[in-house]
Amino acid sequence: LACTVMLWRVAFLATVVDPAIFMRLVVPFGWMSIPGTAFCLWRVWHHGKGHPKGQVAHYRNPLSLRDAIQFALFYALIVYLVKLASDRFGETGLSAVSGFSGLVDLDAISLSLSKLAKDPGMMDLAIKGILIATLANTLLKSAIAAVYGSRVLRLTVLPVLGVTALIGVGVLFLK
């Protein structure tokens, strides 16, 4: 479910900056959401919901000043790199920045590309960059699960993320 939620969080952030972008993200993100949604429905149907007895999820405060400052600095860097890559290297540079940024954080690149999408003729390039970033993020999560995850985690997560990534690649090439 985390992968599916990530996609729609990105769509929401992009839409806040440029409402026109939402309709262009619905179809690709809808397709990419199918594996995670199907797995969650299967899991709830067969195992119920909630954590196994004695296991509780722990979360950090996402609104801490330290995290806000780190995000602001990273966002400023990504805005600069998007502008630089777009001006100097065109589509190739923007794709590279999108992939790199997607490995680290999706919010900054989504916001930056949504802002870029407002420029005439840049919507397709912004959509492609957002798809590349989400694909890179999905692949990184897959790699982390493969390397650091337990056998059970790998067997649970890798098929879902793998199918999500394959759909993302398909959607990207159809663009």
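The preceding data block contains the structure.
A brief report on the enclosed structure follows. (Residues numbered from 1 in each chain as written. Predicted model: local features only at pLDDT ≥ 70, side-chain atom pairs only at ≥ 80, totals over all residues. Heavy atoms only, no water.)

For K83, the position within the fold is in helix α3 (residues 65-104). You can call K83 exposed: its relative accessible area is 53%. Distance from K83 to G93, taken between C-alpha atoms, is 9.7 Å for residues 10 residues apart in sequence. (Helix = DSSP H or I, 4+ residues; strand = E, 2+ residues; numbered from the N terminus. Buried < 20%, exposed > 50% of the residue type's maximum accessible area, 1.4 Å probe, protein only.)

All right, on to the side chain of S110 then. Along the chain, S110 falls in helix α4 (residues 106-117). Among the polar contacts made by the side chain of S110, one reaches the main-chain carbonyl oxygen of L106 at a distance of 2.6 Å. Beyond its immediate chain neighbours, meaning those up to four positions away, S110 contacts V10 and I130. (Polar contact = N/O pair within 3.5 Å; in protein donor to acceptor, adjacent residues only side chain to side chain. Contact = heavy atoms within 4.5 Å.)

Within the fold, K141 resides in helix α5 (residues 123-148). Once residues within four sequence positions are removed from consideration, K141 is found in contact with M6 and L161.

The next thing to look at is the pattern of salt bridges. Enumeration over the complete set of coordinates arrives at four salt bridges. In this structure, K83 and D87 form a salt bridge, with 3.5 Å as the shortest nitrogen-oxygen distance. Taken together, the positions of K83 and D87, both in helix α3 and four residues apart, correspond to about one turn of that helix. Of the two residues examined, K83 and D87, each falls in the exposed class. (Salt bridge = Lys/Arg side-chain N within 4 Å of Asp/Glu carboxyl O.)

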